[in-house]
Structure formats: C-alpha cells, structure tokens
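# Examination of the molecular architecture
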Amino acid sequence: MNIIVCIKQVPNTTEVKINPETGTLMREGVPSIINPFDTYALEESLRLREKFGGAVAVISMGPPQAVEALREALAMGADRAYLLSDRKFSGSDTWATAYTLAHAVRKTGPFDMIICGKQAIDGDTGQVGPGVAGQLGITQLTYVFKIRRLDPEGGTIIVERLLEEGREIVEAKIPVLLTVVKDINQPRFPSLAGIRRAARADIPTWTAADIAPADPSRLGLDGSPTRVVTICSPPPRAGKAEMIQADSVDAAAAVLAGRIFSRKVL
Amino acid sequence: MPLLKIDKDECAGCGACIDACPFGAIVMVGDKVEVSEQCTGCGACVDICPMAALSLPERAQETSEDLASYQGVWVWIEQFRGEARGISWEMMGQGRRLADARRTSLTACVLGRNARQIADEAVTFGADRVFLADHPELAEYRTAPYAGILSGLVRRYRPEIFILGASSRGRDLAGSVATELYTGLTADCTGLDIDPDSGLLRQTRPAFGGNIMATIICPNRRPQMCTVRHRVFETPAPDPDRRGQIIEINPALGKEPIASRVVDFIMEEGEVNLADARIIVSGGRGVGGPEGFEPIRRLAEVLGGAVGASRSAVDAGWIPYAHQVGQTGRTVRPDLYIACGISGAIQHLAGMITARIIVAINKNPEAPIFGVADYGIVGDLFEIVPALTEQFKKRLGGKR
C-alpha cells in the first residue's frame, strides 16, 4: 500500500481569542498545529502500512513554516514528506489548491490511496479532497469513519461513510481518495525515535517549477476562480441571557418553559 | 513572498490593518507594518487602511469565455430512498428568489430511480424546468455518475448559478462537479444575494469555526457554484397548481462499470439527524457519564427533538460521535438548542451559535455558554432537566 496523506497547517483555534473591541481574531503568538482531521488521516495511513506494508508520503502546501507540520508527521511515522511552497501558490482557493496538490501527488509516483481529513478547521470547506480526486480522476469516498476491509490483491476497499441519515457502506476499486472524520481512530503521539528521525529528515520543498506540467495560469490567486471580497465578524447574538431564578427548581422550570413557549418554536 | 504590497512611505503605523487581518499576517515592526507569509491575499485589510498604503495585484480578466451566455439558476434535488431531502426545497426557495432577481428561470436537477414524482414536486416548489435523469444505476447517490451527468448538463445548457445543499452528499458532489468544470465553489454558505451593480452572486460563509464571515464572488468563471447549509433558508410553500417543464434525459450509463457500489446502509436509530432537527437537546461534560444522557434523551423525546453532545462527552465515550455538535462534529441550526452541562468552548459554539433560541443549563454561573444564550438557569441539570421535561409534557399535552 503506497499511501499519500495531504495535511494542512492551521492555527490552533483552541487558543484563538477574539478582540472584544474589534471583534477580530487575535492570532498573535497562536501556535500552529496539524489540522486535527488530518491527524486522523495520517494515523489511518500508518495503520494500513503496518498491516499491509508499503510507504506513507505526506504532502503539505503552505508557507515555509508548514515544514514543521511535515516534521511532526514524520515523527508520527510517515516515511517521506514534501512541502509545496512558492509565492506563485499564494492566494489559492480550493480549486487551485487541489490542482497544485494533484500535480504534487503525480510527482511522488505511483500510489494506491490518498487520505485527507474531511475538512480543515480554519477554512472549513471540505472541498480540497474531492478536488484532488477530481483532478486525478480517481474515486472519492468522503466522510469515512471506518475502513471495513481492504483487499490489496483484489484492488478493492469497503468503507463506512457517516451521512446525515446513518452509515453508508460502499465498496470501491483502488486507487481511491478517502476523506476521514474524527471517529475513525485515535492518533498516536510521536515516539522519541520518531522525533529524532524527523529532526534529521530531508524535506524537499517543491516550487511551481518543480511541478512543471502544472499550468502556471491555474496556480495561486490567478488560477483561483473565487475571490474573497469582504471579511467581517459575524453579527453578535443580541443582548444578554435572561437568567431565570425562582424559589424552587420546579418554579424555574415553569418560567423557562413559559418563555420558550412564548417564542413559538414548539 | 506574500501577495500584499505595503507602501512604506504611506504607512502611518496606525495598526488598523493588524486588527482587520483574519490570519494574523500583519505585524508592527518599528512604526510601520510588515506582512508575513501567513498572508493569503484575502484583501480584508486593503480598504481598512486610511492611507491607502495596502494593495494586492490585479487579476488577469477572463476574456475567452462569454460569461453572458450563461443564464438561469439551477438547484440539485437530493434524494434518499426515493424521497427528496428537505434541504433541497430550502434551496429551491432561495433559487427562486435569485432567479427572480436575475429575471431568469429556475431549473431543478433530479437524479434517481423512479424519481418522476420528485420532479413533479420540484415544479410545485418553484421550478420552471426540471431535468430528470431516471435510471436504475442512479438509485443511490454515487459521486462519479452523478457528477458526470450534472457536468454534462452544465456544459450543454450553461447555467449562471448552481446551488446545492451543504449535506454530506451535496458537498461531495459539488466539489467534484466544480473541479471538473474549473469553476468557483463556495462551501457552506449562510447568505446569498445578487450584487446590484455587477449582477454577481455574493456568497457569504463562516470560516474559522464561525469567528469570521467571508463574502466570496466568482467573477470570471461559470456557473457560480455554492453549497448552502441546512435550515438557513425557509422551505417555501409548495403550489400544486404551478406548471413547469419536465425534460427527461437519458444518461449514458451501464456501458462501463461504475467504480463504486453501495453495499448497505445502516440507518441511525432514534434522534441523531442533527442537521434537519428543529430542536436539539445537548449534553456535555456535566452529564457525568453515559447514563447521564437519559434525562437529556427524555427531554428531547418530549420535544420531538434530536440529541446532541459536546466534544468532551463524545471523547469520554459516553455517546457516539454522530451526536457531536461543534467544530469537529456537526454544525447545526435548530430553532431551539438546549445546552445541558456544556460550558461553551469556542469549538462548541462554532457548531450551534446560529440556533434561533439558545437555552443554557449549567452549574457554573461563569460558563461561557451563558454569554451566547437567550435564557439561562444556573443549577444542577439532573434536577432542572427532568423538571423542564415535566413542564413541557404538561403544556404539550396531547399535541405530541
């Protein structure tokens, strides 16, 4: 099983605070982490490698400091890592990002599977995984929370997907691209040996020139069909909570039920 | 090298751009600002600068495509087991408004098996025209055949706007179709309107777990595609007397085997369908264990609602992940959200802050959940929730 994992470095939003005056995010000093969903993707790939052999390669597109995320992935056990970093990639929307990643995937050589997190916690789009699958013309299986069976010889995989109404069990032919949800596994911590190995590892940086068959007009801001016109804070919720107090629990519950009834949502 | 250009001679060092930047990419160095590699070229800072010292490179204009030849608003009608999903009718209501604003027609795309009655329904919900692809291979949603058929229809009939519900299937499908067509796709919108000057679709969506709202356009490619969250737009009232054209298309399926196959479907029992729920009762760390969800379930049952949970309750193994509300779970938008024993971490708030009415029940009067709630009670959820359940039982009487 040759598996490629696409990861994104994101700000650790558990540490993001909102500036009460301007309503904007205060990102100063906020540490960057691997997108949590991507850690599930990485863990799943490592488990498949342990079971079926092969290698795990990790790709990330981002600024030069995204190399830290790749080093962490190597410390967890990935075999190889590649950083896509070039000013020409700046301003990429999901289409251009998927296009760029797909060209990088091709450059890494033959693969059986690509695994991505279902979405990144900063952009929240969930579109890059399907975009990469579309660019490469392979089957996509999104929102996977369990791999039921993998048959490398037969070239088939059976997964469970988490949908609104329940779990869908799908069989597909390899190669496939999976996007995974949180419940699929519990990611491991990097081992000491892994950290040492990762610190010494050579992580190549690929620029637009390195993925040369890619059409330069389809990269970065120029290659992106969408454009952000404004960014603002969401409207705050009006007013403060009405705190309900009463002599007894039953009396308080009665008042609350009355309030809810008066809002005509039941 | 970041995209943003700063004219150092003009910069007054006021720092307005630092506050405006959603990515923390601008920092003060001495008495001037500098931009780091974190810059994504989003442009949030450009108009904020009182000295007009900030600029982004102009984009090349698309000239090869005749954008004006793309007309009409399209909606994909999602079906599951032969029935249309409610989110699709919400899309039809908004699609109708956009089509009227653009003085154009509304088209529904129905793919399925024996789906004629869904096509008829789409007309009652506002479609002027329905494309109906009825084929045994389309009984269950699968990405490849669905995306292939829709991409083919778009290439032939050239819609200006294409809207899909942001369900799991909708997001799966939209990503595939937009990739194939090389057009812009905006995920998970919570607002759509037409810019009166340019006629472009303005697509507003939350990012950073709901901490910022971004408005996005697709100026040079067509169709302008987006997915829209559940329960943002009202379901329109169907009009049984409405007339529309239903065009059957014969998809070229069955020649080549489709690379995936749905082998089974396990319906979630009970009250998990959070996306569609009008009422959600959620439990957090305060419920203390799996059995602590019992009073929560009973309240949900009396209200006819779904059961949600915070991440800590899910991570503790008290309730399955399918119930998780928040950044790494589901984003919900019910009319009523009752948070029981949930402190209100920013990641949880991201998933439920747009609920119409939020009720918080928590022991800790300082819990952040009270900051976003409409009504709050400080106290023990194991006393309050059963008391509340009794009150609702009394008031709802025979109605439920």
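Not measured: the values here are computed from a predicted model. (Residues numbered from 1 in each chain as written. Chains lettered and ligands numbered in written order. Predicted model: local features only at pLDDT ≥ 70, side-chain atom pairs only at ≥ 80, totals over all residues. Heavy atoms only, no water.)

### As for the overall build of chain B
Helix and strand content of chain B: nine helices and 22 strands. In terms of overall dimensions, chain B has C-alpha extents of about 70 × 65 × 40 Å along its principal axes. The burial tally for chain B puts 60% of its 400 residues in the buried class. For chain B, restricting intrachain contacts to residue pairs at least 6 apart in sequence, the fraction spanning at least 24 positions comes to 63%. Of the roughly 16,100 Å² that chain B leaves accessible, carbon and sulfur atoms contribute 47%. For chain B, the distance from the average position of its 43 positive side-chain charges to the average position of its 49 negative side-chain charges is 4 Å. (Helix = DSSP H or I, 4+ residues; strand = E, 2+ residues; numbered from the N terminus. Buried < 20%, exposed > 50% of the residue type's maximum accessible area, 1.4 Å probe, protein only. Contact = heavy atoms within 4.5 Å. Areas by Shrake-Rupley, 256 points an atom, 1.4 Å probe, with all protein chains shown as cover. Lys, Arg positive; Asp, Glu negative; His and termini not counted. Charge placed at Lys NZ, Arg CZ, Asp CG, Glu CD.)

### Re the sheet that holds strand E10 (residues 161-165) of chain B
Residues and elements named next belong to chain B. One open sheet accounts for seven strands, arranged E11-E15-E10-E5-E8-E9-E16; its pairing is parallel. Each edge of the sheet is formed by a strand with only one pairing partner; in this case those strands are strand E11 (185-189) and strand E16 (245-249). Pairwise comparison of adjacent strand axes, ignoring direction, gives a mean angle of 20° for this sheet. When strand E5 (residues 73-77) meets strand E8 (residues 106-112), the two strands line up parallel, connected through five bridges. (Pairing = 2+ DSSP bridges. Axes fitted to C-alpha atoms, helices over the stretch in contact; angles between N-to-C directions.)

### Some thoughts on the domain arrangement of chain B
We note that the domain assignment places domain 1 (1-58), domain 2 (67-249) and domain 3 (279-399) within chain B. For domain 1 of chain B versus domain 2 of chain B, the separation of C-alpha centres amounts to 37 Å. (Domains from an automatic or database assignment.)

### Brief notes about the state of the cysteines
Residue and element names in this part refer to chain B. A complete count under the given rule lists zero disulfides over all chains for this structure. Between cysteine 49, a cysteine without a disulfide, and cysteine 14, which holds the nearest cysteine sulfur, the sulfur-to-sulfur distance is 6.1 Å. Taking relative accessible area as the criterion, cysteine 49 reaches 16% and is therefore assigned buried. (Disulfide = S-S within 2.5 Å.)

### Notes on the environment of glutamate 294 of chain B
Structurally, glutamate 294 of chain B is set in helix H6 (residues 293-303). Classification of glutamate 294 of chain B as partly exposed rests on a relative accessible area of 35%.

### Topic: the interface of chain A and chain B
When the parts come together, some accessible area is lost, and that loss is often what is quoted as the size of the interface. In this assembly, 90 residues from chain A lie in contact with 108 residues from chain B. Looking at the side of chain A facing chain B, the largest losses of area belong to Glu164, Glu165 and Arg237 of chain A, adding up to 10% of the total buried there. Where chain A touches chain B, the interface holds five salt bridges. When residues in the side of chain A that touches chain B are grouped by element, the largest group, eleven residues, is from helix H7 (residues 249-262) of chain A. Looking at side-chain class alone, the side of chain A that touches chain B contains 37 nonpolar, 28 polar and 25 charged residues. Alignment of strand E11 (residues 166-173) of chain A against strand E17 (residues 260-267) of chain B, held across seven bridges, turns out to be antiparallel. Paired with arginine 167 of chain A across the strands is isoleucine 266 of chain B, a residue of E17 of chain B. (Buried area = accessible area lost by both parts, 1.4 Å probe. Salt bridge = Lys/Arg side-chain N within 4 Å of Asp/Glu carboxyl O. Nonpolar A, V, L, I, M, F, W, Y, C, P; charged D, E, K, R; others polar.)

### Quick notes on the sheet that holds strand E13 (residues 205-206) of chain A
With mixed pairing, ten strands are arranged side by side in an open sheet as E13(A)-E7(A)-E6(A)-E1(A)-E8(A)-E12(A)-E9(A)-E10(A)-E11(A)-E17(B). If you trace the sheet from one side to the other, it starts and ends with E13 of chain A together with E17 of chain B, each paired once. As paired elements, strand E9 (residues 139-151) of chain A and strand E12 (residues 176-180) of chain A share four bridges and run parallel to each other. Paired with leucine 141 of chain A across the strands is leucine 178 of chain A, a residue of E12 of chain A. On the sheet, helix H5 (residues 168-181) of chain B packs against E9 and strand E10 (156-162) of chain A together with E17 of chain B and is oriented at approximately 105° with respect to E9 of chain A.

### What about the nonpolar core?
Ranked by size, the top nonpolar core spans 86 residues in total, and within it Met113, Ile157 and Leu178 of chain A carry the most contacts. Examining the composition of this core, we find that seven residues originate from one element, helix H9 (residues 381-396) of chain B, more than from any other. Excluding its chain neighbours within four sequence positions, the residues that come into contact with isoleucine 157 of chain A are Met113, Leu141, Ile147, Arg149, Leu150, Val170, Glu171, Ala172, Val176 and Leu178 of chain A. Among the nonpolar cores identified, the runner-up in size contains 32 residues, and Ile77, Leu106, Cys226 and Val228 of chain B belong to it. (Core = buried A, V, L, I, M, F, W, Y, C linked by side-chain atoms within 4.5 Å.)

### Focus on the side chain of serine 168 of chain B
Looking at the secondary structure, you find serine 168 of chain B in helix H5. Ignoring anything within four residues of it in the chain, the contact list for serine 168 of chain B reads Tyr143, Leu162, Leu163 and Glu164 of chain A together with Arg330 of chain B.

### With respect to the pattern of salt bridges
In total, this model carries 32 salt bridges over all chains according to the counting rule given. Note that arginine 47 of chain A is salt-bridged to glutamate 43 of chain A, the shortest N-O span being 2.7 Å. You can see arginine 47 of chain A and its partner glutamate 43 of chain A sitting in helix H1 (residues 36-52), four residues apart, about one turn around the helix. Assessed through its relative accessible area of 2%, glutamate 43 of chain A is described here as buried. Each of Glu165 of chain A together with Glu78, Arg85, Arg169 and Asp276 of chain B takes part in salt bridges that share partners, so that together they form one network.

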